Each structure stands twice: as C-alpha cells, then as structure tokens.
Amino acid sequence: MPLYEHVYLARQDLSAQQVEELTTQYKGVIESLGGSVAKVEYWGVKSLTYRINKNRKAHFTLLNLDAPAAAVAEVERQQRINEDVLRTLTVKVDELEAGPSAMMRKSDRDRDERGDRGDRRPGDRDRDRGDRGDRGPRRDRDGRPPREDRVEAAAADDASED
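Because the structure is predicted, anything quoted here is derived from the model rather than measured.

Scoring rules and cut-offs
- Residues numbered from 1 in each chain as written.
- Predicted model: local features only at pLDDT ≥ 70, side-chain atom pairs only at ≥ 80, totals over all residues.
- Heavy atoms only, no water.
- Helix = DSSP H or I, 4+ residues; strand = E, 2+ residues; numbered from the N terminus.
- Contact = heavy atoms within 4.5 Å.
- Areas by Shrake-Rupley, 256 points an atom, 1.4 Å probe, with all protein chains shown as cover.
- Core = buried A, V, L, I, M, F, W, Y, C linked by side-chain atoms within 4.5 Å.
- Buried < 20%, exposed > 50% of the residue type's maximum accessible area, 1.4 Å probe, protein only.
- Phe/Tyr/Trp six-rings, centres within 6.5 Å; stacked < 30°, edge-to-face > 60°.
- Pairing = 2+ DSSP bridges.
- Axes fitted to C-alpha atoms, helices over the stretch in contact; angles between N-to-C directions.

Caption draft 1: How the structure looks around the overall build of the protein chain. On a plain count of helices and strands, the protein chain comes out with 5 helices and 4 strands. In sequence order, the secondary structure elements of the protein chain are arranged as β-α-β-β-α-β-α-α-α. The long-range fraction of contacts in the protein chain, counting pairs at least 24 apart against all pairs at least 6 apart in sequence, stands at 72%. By element, 46% of the accessible surface of the protein chain is carried by carbon and sulfur atoms, the whole surface being about 11600 Å².

Caption draft 2: Just the nonpolar core, in detail. Tyr8, Ala10, Leu22, Tyr26, Ile30 and Leu65 are the most contacted members of the largest nonpolar core, which has 17 residues in total. Broken down by secondary-structure element, the contributors of at least two residues to this core are β1 (3-11), α1 (16-32), β3 (55-66) and α2 (69-81). Per element, the largest residue contribution to this core is 5 residues, and it comes from α1. Sequence-distant contacts of Leu65, defined by excluding residues within four places in its chain, comprise Pro2, Leu3, Tyr4, His6, Ile30, Ser36, Val37, Val72 and Leu96. Of all hydrophobic cores here, the second largest spans 9 residues; its members include Leu9, Ala58, Phe60 and Leu86.

Caption draft 3: Local environment of the packing of aromatic side chains. All told, the structure shown has 1 aromatic pair when counted by the stated rule. Note on Tyr8 and Tyr26: the rings are 5.6 Å apart at their centroids and 85 degrees apart in plane angle, and the pair reads as edge-to-face. Remark: Tyr26 occurs in helix α1 and Tyr8 occurs in strand β1; sequence separation between them is 18 residues. The pair formed by Tyr8 and Tyr26 is uniform in burial state, with each residue classed as buried.

Caption draft 4: Representation of the sheet that holds β1 in the model. Strands sit in the order β2-β3-β1-β4 across an open sheet of 4 strands; the sheet is antiparallel. Two strands close off the open sheet at either side, each with one partner strand: β2 (36-52) and β4 (85-93). On average, adjacent strands in this sheet sit at an angle of 20 degrees to one another, irrespective of strand direction. Alignment of β1 against β3, held across 9 bridges, turns out to be antiparallel. Bridge pairing in β3 places Val7 opposite Leu62. Contacts between α2 and the sheet are confined to β1, β3 and β4, with β1 contributing the most and set at about 10 degrees to the helix.

Below you can see the structure in the form of structure tokens.
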C-alpha cells in the first residue's frame, strides 16, 4: 500500500482532548478502510503565518499512514466537512520516518539551545538594540524632523517674534 504523511490543522479554541478525539476518529476511518496509522504526532498549538477563518493559531497533528488512496480520500472528505478542521495536507512519500518528525526534533533542539528561555533577563532585549543617540536625530521619509518637532519649532519662532 502507498505511504502518506498527513497533517491537519484544527481550530485554536478546541481543547487538546477534543483534537485527540478527532485524531482517533480519523484513525478509525483509515483502519476501517483497510489502512493503518504508523505514527501520530501532536505538535501542539502554533501560530499561523496568516489568519485562516479568523484564527491566528491552530492545533497541528501529523499522521503517518499506510493506507489505500480511497481511505485517505475519505479522511480528507470528512475533514473538509468538519468545521473544526482549518487545513489539511497529504503528501505521498517513499518511506515513513521511524523517529520523531522534523518539527519534533526542531522543538527539542531549540529547547536545548535556549535553555527554555530561562537564560535571558528582562532587560537583555533592550540592551541589544542600542540607543537612539548613535543614530542621530529622528527624521521622517522626506528627511524632515517629525511633525511634533516642527510644531514646537514653529511655536518657538512665533514666540521669538513677539
């Protein structure tokens, strides 16, 4: 049977348990149509690059499938009908990954490198940016000082004329 990697995105306002129930439901459909699910990975809630149906985040889930094309088509059909599923992507692959997927390896590596964000102190971000003093006075696109500075300068000129 052909091998597939199937990822679906569920709405952000669902609980992790509800997403797990959806996964169980789709797994049952695959198995009832003669396929098998080799691996299920829940990637968690992640930010989307752009809004999808007014959602800024989504639950990401990966299914590694060993199933006939009809079973995959049926799961995709049910996901299109379900309002809780925002997007799906199914890719036919030559072989399935045995270990954790790239998304899971990436999060493990990031967590090790940054130390679970505990390495940084609150003021570190501000110190890295530098201050405005080394860039000179503020200017707008036309090279003029900002509007509030022009208004103050005009008011000072009017005061000096009196």
